[in-house]
Amino acid sequence: MKVPYLSFDAANEQVRAESLAAFEQFFDKKWFVLGQEVKAFEVAYAEYNQTTHCIGVANGLDGLIIALRVLGIGEGDEVLVASNSYIATVVSISDVGAKPVFVEPDERTYNIDPEKLEAAITPKTKAIMPVHLYGQPCEMDKIMAIAQKHNLRVIEDNAQGHGATFDGQVTGSFGDINATSFYPTKNLGALGDAGAMTTNDAALAAEAAKVRNYGFEKRYYCKYKGMNSRLDECQAALLNVKLKYMATWTAERQQIAKWYRTALADVPGIILPYNHPKANSVNHIFLIRTEQRDQLQSYLREHGVGTLIHYPVPPHLQEAYQDLGYQKGDFPIAEKLADTSLSLPVFIGMTREQVNYVAEQVKAFCLVRA
Ligand SMILES: *Cc1c(COP(=O)(O)O)cnc(C)c1O
């Protein structure tokens, strides 16, 4: 049997007829940027995300950058972010001229450790950026309490968390203004680049909508030195189709994760994702950990199973961030996660037989090595 890391086949088949019809309608309408499709998607996604406002943008990184900008965060400010985050979160902070300050993750949840936040706060700290990594919600109760106590802003990076909840509340609805990505491989993926910001603050939403369109207050009247980060009508039309499937697709991902948990329970040397009692993960990625990660990845490849590593190099060791002056050993938990993590296949249409096959291969490797 062969199991790819990712396949779009089943999801695409499910939305084929509706997507082609939506594309045809878009094609005939001849309205390409910021029109009715974007408006409809913004309304539908705001409802899905249980926020009063959604602002479509060109991609997730831009959404994070605009969120920081409308909160007035820039030169001289510090922003707290997990030391194992995806690099885009860190890039958004440096893009606005602020300094990313890394806080180690909780070794169980892989998300920013709330217990370590306060020690990283200085007079320059302006915001916390919780990233709901792998679809697992951060501990938002503790994070929001610390933000409130120290008068910090919160910007959630919800690119991997579409539809996840913490304590019953949807991620991407806790922070002042939050961003998400609809990159094709995300749980809700466009057929190209796309992203959005979500907020319950009407004033911030209005400012963000200006910044994404050159900073125009109205057409040709420029209030900010903004940017061009508009969401295409075509992508919005296709996202409008896929959004209707999200409840079903999320349940399917969660079922796949459950199958993995059953099949991989008590395998020696393998650490499974932690289930925080208040968190409802949407299993964007099913990540296991083992000391023999590279050997396991090779073994799985030889046995027809595709895997990926999220992520091999933590931000503080990236070449681009040498200027921060960090070296190996500075964030040992992030480094350990980078050395031991392996993401197993999860995709819409994955069968129980495929999950069991992957699990059998993992077990076979572990029993030989144990
Ligand atoms: C994908 C992703 C982003 C960036 O989104 P793009 O649309 O690729 O710019 C940011 N943060 C996280 C956690 C992501 O997974």
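Residues numbered from 1 in each chain as written. Predicted model: local features only at pLDDT ≥ 70, side-chain atom pairs only at ≥ 80, totals over all residues. Heavy atoms only, no water.

**Student:** Tell me about the overall build of the protein chain, and name the residues and values.
**Tutor:** Along the backbone of the protein chain there are 11 helices and 14 strands. For the protein chain, the spread of C-alpha atoms along the principal axes amounts to about 70 × 55 × 35 Å. The buried share among the 370 residues of the protein chain stands at 56%. Distance from the positive charge centre (36 side chains) to the negative charge centre (43 side chains) of the protein chain: 2 Å. (Helix = DSSP H or I, 4+ residues; strand = E, 2+ residues; numbered from the N terminus. Buried < 20%, exposed > 50% of the residue type's maximum accessible area, 1.4 Å probe, protein only. Lys, Arg positive; Asp, Glu negative; His and termini not counted. Charge placed at Lys NZ, Arg CZ, Asp CG, Glu CD.)

**Student:** Requested: an account of the environment of A263, with residues and values cited.
**Tutor:** One can find A263 in helix α8 (residues 246-264). For A263, a relative accessible area of 15% corresponds to the buried category. Among residues more than four places away in sequence, those in contact with A263 are N356, A359 and K363. (Contact = heavy atoms within 4.5 Å.)

**Student:** Just give me the short version of α8, but keep the residues and values in it.
**Tutor:** Look at α8: 27 Å from first C-alpha to last across 19 residues, which is about the 27 Å you get at 1.5 Å a residue. Among the residues making up α8, those that are buried are M246, W249, T250, R253, I256, A257, W259, Y260, A263 and L264. Taken together, the buried residues of α8 touch α1 (9-29), α2 (36-48), α7 (233-243), β13 (286-289), β14 (341-344) and α11 (352-369). In the stretch just after α8, D266 is the one whose phi turns positive, near 60°. (Expected span 1.5 Å × (residues − 1).)

**Student:** Hey, could you go over the pairing of strand β8 (residues 178-181) for me, with residue numbers and the actual values?
**Tutor:** Alternating residues of β8 divide into N178 and T180 and A179 and S181, and every residue in both groups is buried. Pairing geometry for β8 and strand β9 (residues 195-199), over 4 bridges, is antiparallel. Looking across to β9, one finds that N178 is bridged to T198. (Pairing = 2+ DSSP bridges.)

**Student:** Lay out the packing of helix α9 (residues 293-302) against α11 in plain terms, naming residues and giving numbers.
**Tutor:** At a minimum axis distance of 10 Å, the contact between α9 and α11 shows a crossing angle of 130°. Accordingly, the angle class assigned to the pair α9 and α11 is oblique. Handedness of the α9/α11 crossing: right-handed. Counting all contacts with α9, which are made through Q295, L296, Y299 and L300, the residues of α11 involved are V358, Q361, V362, A364, F365 and R369. In terms of residue class, the contact of α9 with α11 is built from 7 nonpolar, 2 polar and 1 charged. (Axes fitted to C-alpha atoms, helices over the stretch in contact; angles between N-to-C directions. Parallel < 35°, antiparallel > 145°, perpendicular 65-115°, else oblique. Left-handed = near helix turned anticlockwise from the far one by under 90°. Nonpolar A, V, L, I, M, F, W, Y, C, P; charged D, E, K, R; others polar.)

**Student:** Requested: an account of the pattern of salt bridges, with residues and values cited.
**Tutor:** As enumerated under the stated definition, the model contains 19 salt bridges in all. The residue D141 makes a salt bridge to K278 at a minimum N-O spacing of 2.9 Å. Pair noted here: D141 is in helix α5 (residues 140-149) and K278 is in the loop between α8 and β12 (279-280), with a separation of 137 residues, a long-range link. Accessibility expressed as a relative area gives 31% for D141, which makes it partly exposed. Among the ionic contacts, a cluster of salt bridges with common partners joins E207, K210, E217 and K223. (Salt bridge = Lys/Arg side-chain N within 4 Å of Asp/Glu carboxyl O.)

**Student:** Account for the packing of aromatic side chains, with residues named and values stated.
**Tutor:** Applying the stated criterion to the full structure yields 17 aromatic pairs. Plain terms: the ring middles of Y45 and Y48 are 5.6 Å apart, the flat faces sit at 40° to each other, and that makes the pair tilted. Pair noted here: Y45 and Y48 are both in helix α2, with a separation of 3 residues, about one helical turn. You can call Y48 partly exposed: its relative accessible area is 23%. An angle of 80° between the planes, with centres 5.7 Å apart, marks the rings of F102 and F331 as edge-to-face. Pair noted here: F102 is in strand β3 (residues 99-103) and F331 is in the loop between α9 and α10 (332-340), with a separation of 229 residues, a long-range link. A single burial state applies to F102 and to F331, both of which are buried. Taken together, the ring pairs in this structure connect F23, F26, F27 and F32 into an aromatic cluster. Over the ring of Y274 we find R108, and its NZ or CZ is 4.6 Å from the ring centre. (Phe/Tyr/Trp six-rings, centres within 6.5 Å; stacked < 30°, edge-to-face > 60°. Lys NZ or Arg CZ within 6 Å of the ring centre and 35° of its normal.)

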